[in-house]
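Given next are the chains, with one letter for each unit.
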Amino acid sequence: GYLIQSASYFSVEENMLQGGLLLVGSFRDNEVDADGFLVNQIKYLEQSNINVNMVFVTELPEHEINKMLSYKFCLPMRYTKELARLVHHKTRGNPMYIVAFLRSIIKQRLITFSVKSRRWIWDDTSIDVQMISEGVVELLTRKLQQLPHDVIDTLKVVSCFGQLDEPTIELLAVGQFVPDMKKALKIAMDEGLVEKAGPIFVFCHDMLQESTYNLIPMEERKTLHKMISICLLQDPNVADSPELCTLAVDQINMREDVDSLSPVEKALFARLNLAAGKHAIAASSYQQARGYFEAGIRMLNGNCWNEQYSLSLELYEMSVVVCFMDGKVETVAGLLDMILSNVESTDDALDARTLRAKFSASQTKYTEATDELLDVLLFLGEEFPRDPCLPRVTSEMKAIQEMLKDVTKEEILSLPPFQDPRKLKAMKCMGLLISVAHYSSAKLMPLLSCRMIQLTFKYGFCEETIAGLGFVSHALLNYLGDSQQASRIGRIAQSLIGENQNGNSLRARLAGTIVSARCLVEPVQVTCEYCLEGYKSATIVGDVDNAAWCGMLYCTLYFYSIPDLLKLRQYMVNFFHQMASDKWAIFTRES
């Protein structure tokens, strides 16, 4: 092979020997020019009465591969038929790739000899999921250029996604990118370029998708992404569908040059980015959500706070919220300054002020955060002393103790839904202030939890009601020493968390608090497991502080439950490794 590849250094007249010369070589005919030196040299040899035998190695059809496998495995062809189909699909019948692929699956022990069955056996499913080689991708890429234009255009559209399902194809068919996308995809499947898994079409290799995408000129890509996005927007429920909304937004965001969009288009896609960000938060994809909110902000016009006030306010606020979830708080201060310098009313500033207090707390400025939240609560009609005295705390706790004496979960669920928007904001603000007051003014915590229960019985049930019950259970134990009622209220809160659609978020916030109230009454093993559930929920929702608290509490309680010490050691090692990697600051804070 080397002599043929280096044919420019080969001369028959200079190398002809007295006896004979046998020269064996190989070359790829698609890489050699018809009038190139190698072809001319072969013609010269033939003209010099030297016997030249050309053996053309073509792609083997599936039935020939089946014959070969049947012969090698000493099995009837009906046994090897499915394996032959898989080998042909993965290698496109290229003999060299067939050999390489068979060696690969044998090395991975996907083909083995069964002593029990006394024959060679294999797992078709495991072989089917094997990635095709880069050499086969190269063959398919060359074949791509020879396909009909409709098929190429269809594959260009698919390459913008990576994978595409049948419902989306139905929407795209309305856009008439090609006359019949399904027919074109069928041809691509027959050629081995695309595979179908259920309703989803996907390229058989990432390199093939990349090669197809690179066939689209740079300027045409921008137009194609926009056309695809607008086509998907024909679905009237696009904003409410997480999958469809994300697909449409991803396509327009891939354009990058926002300035080329019209003002109407910018406003439309800014709203879609807002919706996609909310869907991403619901799926716990916080980094992705942050990207959507940032893209939406970039699509706002220069005078957005006057012309797109509500949209601007929501995008900036959601961007701050997801920064806390994602742990990327570097930009929070700038975003909050932008909001607070442009809000039109005190009511509109409340959420931003609450977020600013949360940011201050994350920077260990607890007194500053507490003062901000108390001011917000005062504006909402809920006044609290900045430094409450113990007699008042005890008095209010006894009143709540009596109120909750015989209350059941069913009674709480039978309360009407919480309707007053201002008091609902107050409930959320009190929930946040409880976690901050732990470091600045501990006696505020029972007063806040009592007020949350009082508002619940006055205005109705809401998600923050569950938080109020969890915090009250902790306060009943710490201020009144009522461990029995504390445990009972904690169990009610835990049961309500399990039935709530935002259970992970609530469990992350309250697991440690509920466990601390229950562990004095119930078996340690039971409460210990709930700490682990809290830790898992906190990691899912990105609540780093509560993940640290639940993890530490779990290790502590596990120690008292007659543990397997080696297992406990591994738990603690894993926990502290995670703590170090996430740079949990909870252990460095000064209370």
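Residues numbered from 1 in each chain as written. Predicted model: local features only at pLDDT ≥ 70, side-chain atom pairs only at ≥ 80, totals over all residues. Heavy atoms only, no water.

Details of the pairing of strand β1 (residues 111–114)
Here β1 pairs with strand β2 (residues 119–122) via four bridges, running antiparallel. Within β2, the position partnered with serine 114 by the bridge is arginine 119. Counted between consecutive antiparallel strands, the loop separating β1 from β2 contains four residues, among which arginine 118 sits at a positive phi close to 55°. (Pairing = 2+ DSSP bridges. Helix = DSSP H or I, 4+ residues; strand = E, 2+ residues; numbered from the N terminus.)

A word on the pattern of salt bridges
Any two side chains of opposite charge can pair, given that their charged atoms come close. Inspection of the entire model under this criterion finds 20 salt bridges. In this structure, arginine 353 engages aspartate 375 in a salt bridge whose closest nitrogen and oxygen atoms are separated by 4.0 Å. Of this pair, arginine 353 sits in helix α20 (residues 346–362) while aspartate 375 is found in helix α21 (residues 366–379), placing the two residues 22 residues apart along the sequence. A salt bridge links aspartate 371 to arginine 386, with the shortest nitrogen-to-oxygen separation between them at 3.2 Å. (Salt bridge = Lys/Arg side-chain N within 4 Å of Asp/Glu carboxyl O.)

Some points on a nonpolar patch on the surface
On the surface, Phe27, Met54 and Phe56 cluster together into a nonpolar patch covering about 300 Å² of accessible area. Take phenylalanine 56: it is sitting in the loop between α3 (37–47) and α4 (62–73). (Patch = residues over 30% accessible without salt bridge, like charges linked within 9 Å, V, L, I, M, F, W, Y side chains within 5 Å. Areas by Shrake-Rupley, 256 points an atom, 1.4 Å probe, with all protein chains shown as cover.)

Overview of the sheet that holds strand β5 (residues 200–203)
Here three strands make up an open sheet; going across it, the order is β3-β5-β4 and the pairing antiparallel. Taken across any chain shown, the strands that pair with only one partner, and hence form the sheet edges, are β3 (163–165) and β4 (194–197). Averaged over all pairs of adjacent strands, the angle between strand axes in this sheet comes to 25°, irrespective of strand direction. Summarising the sheet, β4 and β5 pair through four bridges and their orientation is antiparallel. (Axes fitted to C-alpha atoms, helices over the stretch in contact; angles between N-to-C directions.)

As for the nonpolar core
If you look at the biggest cluster of nonpolar residues, it comprises 144 residues, and the most contacted ones within it are Leu155, Leu172, Met430 and Leu469. Take this core: its biggest share by element is 10 residues, from helix α18 (residues 309–326). When neighbours within four sequence positions are excluded, methionine 430 is seen to be in contact with Leu377, Phe384, Leu448, Arg451, Met452 and Leu455. Counting residues in each nonpolar core, the second largest holds 16 residues, with Ile65, Phe101, Leu102 and Trp122 among its members. (Core = buried A, V, L, I, M, F, W, Y, C linked by side-chain atoms within 4.5 Å. Buried < 20%, exposed > 50% of the residue type's maximum accessible area, 1.4 Å probe, protein only. Contact = heavy atoms within 4.5 Å.)

Some points on the packing of aromatic side chains
Under the counting rule described, the total for this entry stands at seven aromatic pairs. Ring plane angle 35° and centroid distance 5.3 Å describe the contact between tryptophan 305 and tyrosine 316, whose orientation is recorded as tilted. Highlighted residues: tryptophan 305 in helix α17 (residues 304–307) and tyrosine 316 in helix α18, separated in sequence by 11 residues. Since its relative accessible area comes to 10%, tryptophan 305 is described here as buried. Classification of tyrosine 316 as buried rests on a relative accessible area of 10%. Following the ring pairs from residue to residue traces out a cluster consisting of Phe73, Phe113, Trp120 and Trp122. Of note, arginine 119 hangs over the ring of tryptophan 122, and the distance from its end group to the ring centre comes to 5.7 Å. The ring of phenylalanine 384 has arginine 451 lying over it, and the distance from NZ or CZ to the ring centre is 4.1 Å. (Phe/Tyr/Trp six-rings, centres within 6.5 Å; stacked < 30°, edge-to-face > 60°. Lys NZ or Arg CZ within 6 Å of the ring centre and 35° of its normal.)

Remarks on the packing of α18 against α20
α20 packs onto α18 with a crossing angle of 20° between their chain directions and a minimal axis gap of 11 Å. For the element pair α18 / α20, the angle class is roughly parallel. Seen from above, α18 lies across α20 with left-handed handedness. On α20, the residues that touch Tyr309, Leu313, Glu317, Val320, Val321 and Phe324 of α18 are Asp348, Asp351, Ala352, Leu355, Lys358, Phe359 and Ser362. (Parallel < 35°, antiparallel > 145°, perpendicular 65-115°, else oblique. Left-handed = near helix turned anticlockwise from the far one by under 90°.)

A few points about α3
What α3 keeps buried is the set Leu38, Val39, Gln41, Ile42 and Leu45. Along α3, the residues classed as buried sweep out an arc of 160° about the axis, all on the same side. One or two steps after α3, the chain reaches asparagine 49, where phi turns positive at roughly 60°. (Arc of directions from axis to C-beta.)

Examining the side chain of arginine 507
Checked against the element boundaries, arginine 507 lands in helix α28 (residues 503–518). The buried charged residue arginine 507 lacks any salt bridge partner; its closest oppositely charged side chain belongs to glutamate 533, at an N-O distance of 4.0 Å. With near-sequence residues (within four places) excluded, arginine 507 lies in contact with Ile497, Gly498, Tyr530, Glu533, Gly534 and Ser537. (Lys, Arg positive; Asp, Glu negative; His and termini not counted.)

Things to note about the packing of helix α13 (residues 218–232) against helix α14 (residues 242–253)
Between α13 and α14, the least distance of the axes is 8 Å, while the angle of their chain directions is 155°. As summarised for this structure, α13 and α14 are arranged roughly antiparallel, according to the angle between their axes. Regarding α13 and α14, the two cross each other, and that crossing is left-handed. Contacts from His225, Lys226, Ile228, Ser229 and Leu232 of α13 reach α14 at Leu244, Leu247, Ala248, Gln251 and Ile252. Looking at the contact of α13 with α14, its residues break down into six nonpolar, three polar and one charged. (Nonpolar A, V, L, I, M, F, W, Y, C, P; charged D, E, K, R; others polar.)

Looking at a negative patch on the surface
A cluster of like negative charges, contributed by Glu402, Asp406, Glu410 and Glu411, occupies part of the molecular surface. Following the sequence through the fold, glutamate 411 ends up in helix α23 (residues 409–413). Classification of glutamate 411 by relative accessible area gives partly exposed; the value is 41%. (Charge placed at Lys NZ, Arg CZ, Asp CG, Glu CD.)

Observations concerning unusual backbone geometry
Here cysteine 74, not a glycine, exhibits a phi torsion of approximately 55°, which is positive. Unlike most non-glycine residues, arginine 109 shows phi in positive territory, near 60°. Summarising the element assignment, arginine 109 is placed in the loop between α6 (95–107) and β1. Taking relative accessible area as the criterion, arginine 109 reaches 64% and is therefore assigned exposed.

A closer look at the pairing of β5
Because side chains alternate across β5, one face comprises the buried residues Phe201 and Phe203, and the other comprises Ile200 and Val202, none of which is buried. Between the end of β4 and the start of β5, which pair antiparallel, lie two residues, with glycine 198 showing a positive phi angle near 65°.

Some points on the side chain of glutamine 251
Residue position: glutamine 251 is located in helix α14. Look past the residues within four positions of glutamine 251 in its chain and what remains in contact with it is Cys160, Phe161, His225, Ile228 and Ser229.

So, the environment of leucine 510
One can find leucine 510 in helix α28. The spatial distance from the C-alpha of leucine 510 to the C-alpha of leucine 469 is 9.6 Å, given a sequence separation of 41 residues. Not counting the four nearest positions on each side in its chain, leucine 510 is found in contact with Ile466, Ala467, Phe471 and Ile497.

Side note on the environment of leucine 268
Tracing the sequence through the fold places leucine 268 in helix α15 (residues 263–282). For leucine 268, a relative accessible area of 32% corresponds to the partly exposed category. Taking the C-alpha atoms as reference, leucine 268 lies 9.8 Å from leucine 300; in sequence the two are 32 residues apart.

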